[in-house]
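For reference, the chains in residue letters:
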Amino acid sequence: MPAEWERQSAVQLTWPHKDTDWAPMLADITAVYEELAREISKREQLLVVAPEGTVKPIVNCKFVNCKSNDTWARDHGFITVFEEQPSNIRHQTSNIKHLLLDFKFNGWGEKFPADLDNAINRQLWENTSSIIHHTSNITYEPHLDFVLEGGSIESDGRGTIFTTACCLLAPHRNQPLTQAEIDERLKEWLGAERVVWLKHGSLKGDDTDGHIDTLVRICPDDTILYIGADDEHPDLLLMEQELQTLRTLDGRPYRLLRLPMPRPIYDDGDRLPATYANYLVVNGAVLVPTYAQADLDAEAMSIIQQAFPDRDIVGIDCRPVIRQHGSLHCCTMQYY
């Protein structure tokens, strides 16, 4: 499974519309998606999945007409793996076989309806004009008897997959499989030498049971970005201690960069799972969620710049997105 920072061919957005949970704030969330679409399409092609007539024309965009329950492309979208590990992925992805893995999405453990979202990948594959057919080296591989959300895994592109036990072992996903059995399946399907299971860490208000992309992100040069603890998240201190014990496949400690926790954001008294870890890496840039907290937004973007010194760091106000308990990375899925 390639690292997110490798050269991409496109990014998918599944667009908000009146029949999703975004209906009461459709104008606000549409404005965020339009800004996100502009930033992506400046740098690579954009794939927009939405019912007909719900999206204005976008430059460098391919539109595919699909119904959807919701908009979280990270979790219902394809997970891409390569059949072999090239010596230099950045310049050879068009010459190797891509496998588009279609896993089951069941609304994060049957919490929400997901039948339409779970059918999107098959429809994209059957639409031969879709940009997922940009090369003859792409193969569709269904695994619809196994639940796996893209936000629940991170790859370093060199044989290590990172995940959280609280998510992959949560109820209504893949029981009665054990951790060891899931571990073996991930290694087989994602081409990994090992799976690192983090035992600690979750955010208040999180519907995903602890997706790793809200907590810990893997970066180039054996660097890990992670969210620091605050008074309401003491378990993140234990997560930090776990990260300090981790070693690369060749036995070296990781370079750890600690991101600040945004100051609490509430909706009807409930804390929302705002996080700076939920950024998106695209060609030439990192798109970072911000929350109108100027000091912390700037601090987070500066730290992320340390992990990606050769890319532009672009902030996108995600206060509307966080009202539905997700953020920027959750809205997107990349292709190679």
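Described in the following lines is the structure provided in the data block. Per chain, the residues get numbers from 1 upward, laid out in the order the sequence is written. Thresholds applied to this predicted model are a pLDDT of at least 70 for local features of residues and 80 or more for the giving and counting of side-chain atom pairs; totals over whole chains, interfaces and linings are not thresholded and use all residues. By convention in this description, side-chain values take in all heavy atoms of the structure and omit both hydrogens and water.

Time to look at the packing of aromatic side chains. Aromatic ring pairs are reported here in terms of the distance separating the ring centres and the angle at which the planes meet. Each pair of aromatic rings taken from Phe, Tyr and Trp, with Trp reduced to its six-membered ring, is defined by centres within 6.5 Å and is described as stacked if the planes are under 30 degrees apart, edge-to-face if over 60, and tilted in the remaining cases. Scanning the entire structure with this criterion turns up 13 aromatic pairs. Between Phe146 and Trp189, the aromatic rings sit 5.0 Å apart at their centres with planes inclined by 75°, giving edge-to-face as the arrangement. Of this pair, Phe146 sits in strand β6 (residues 138–147) while Trp189 sits in helix α8 (residues 179–190); the two residues are 43 residues apart in sequence, bridging distant segments of the chain. The rule is simple: take the accessible area with a 1.4 Å probe, protein chains only, and divide by the maximum for that residue type; under 20% is buried, over 50% is exposed, in between is partly exposed. Classification of Trp189 by relative accessible area gives buried; the value is 16%. Among the aromatic residues, ring-to-ring pairing joins Phe78, Trp125 and Tyr140 into one connected group. Geometry around Tyr279 places Arg217 over its ring, the cationic atom sitting 4.2 Å from the centre. Helix and strand assignments follow DSSP, with helices taken as H or I runs no shorter than four residues and strands as E runs no shorter than two, numbered in order from the N terminus. Geometrically, a charge over a ring is one whose NZ (Lys) or CZ (Arg) sits within 6 Å of the ring centre while staying within 35 degrees of the ring normal.

Sheet architecture is open: three strands sit in the order β7-β8-β9, paired in mixed fashion. With partners counted over all chains shown, the strands left at the sheet margins are β7 (153–155) and β9 (194–198), one partner each. Strand-to-strand, the axes of this sheet are offset by a mean angle of 25°, without reference to chain direction. By definition, residues are in contact when any of their heavy atoms lie within 4.5 Å. Here an angle of 0 to 180 degrees is reported between the N-to-C directions of two axes, which are lines fitted to C-alpha atoms, with helices fitted over the stretch in contact. Sitting on the sheet, α8 touches β7, β8 (160–164) and β9, and the angle it makes with β9 is about 135°. Any two strands between which DSSP finds at least two bridges are classified as paired.

Before going further, it helps to examine the sheet that holds strand β11 (residues 223–227). Judged by pairing direction, the sheet is mixed, and its three strands sit side by side in the order β10-β11-β12 without closing on themselves. Two strands in the sheet have a free side with no partner beyond their single neighbour: β10 (216–219) and β12 (255–259). Each adjacent strand pair in this sheet contributes to an overall mean axis angle of 20°, direction not counted. Pairing between β10 and β11: four bridges, direction antiparallel. Directly across from Ile218, in β11, lies its bridge partner Ile224. On the sheet, helix α9 (residues 235–245) packs against β10, β11 and β12 and is oriented at approximately 170° with respect to β11. Helix α10 (residues 294–307) contacts β10, β11 and β12 of the sheet and is inclined by roughly 165° relative to β12.

Definition used for salt bridges: Asp or Glu carboxyl oxygen within 4 Å of a side-chain nitrogen of Lys or Arg. For the coordinates displayed, the defined rule picks out 21 salt bridges. Here Glu149 and Arg173 are joined by a salt bridge, their closest N and O atoms 3.2 Å apart. In this pair, Glu149 is assigned in the loop between β6 and β7 and Arg173 in the loop between α7 (165–168) and α8, connecting sequence segments 24 residues apart. Overall, the relative accessible area of 8% leaves Arg173 in the buried class. Where Arg271 meets Glu232, a salt bridge forms, and the shortest distance between an N and an O atom there is 3.0 Å. With a gap of 39 residues between them, Arg271 in strand β14 (residues 270–271) and Glu232 in the loop between β11 and α9 connect regions that are remote in the sequence. Residues participating in the shared-partner salt-bridge network are Glu4, Arg74, Glu154 and Arg217.

Nothing here speaks to function; it is geometry throughout.
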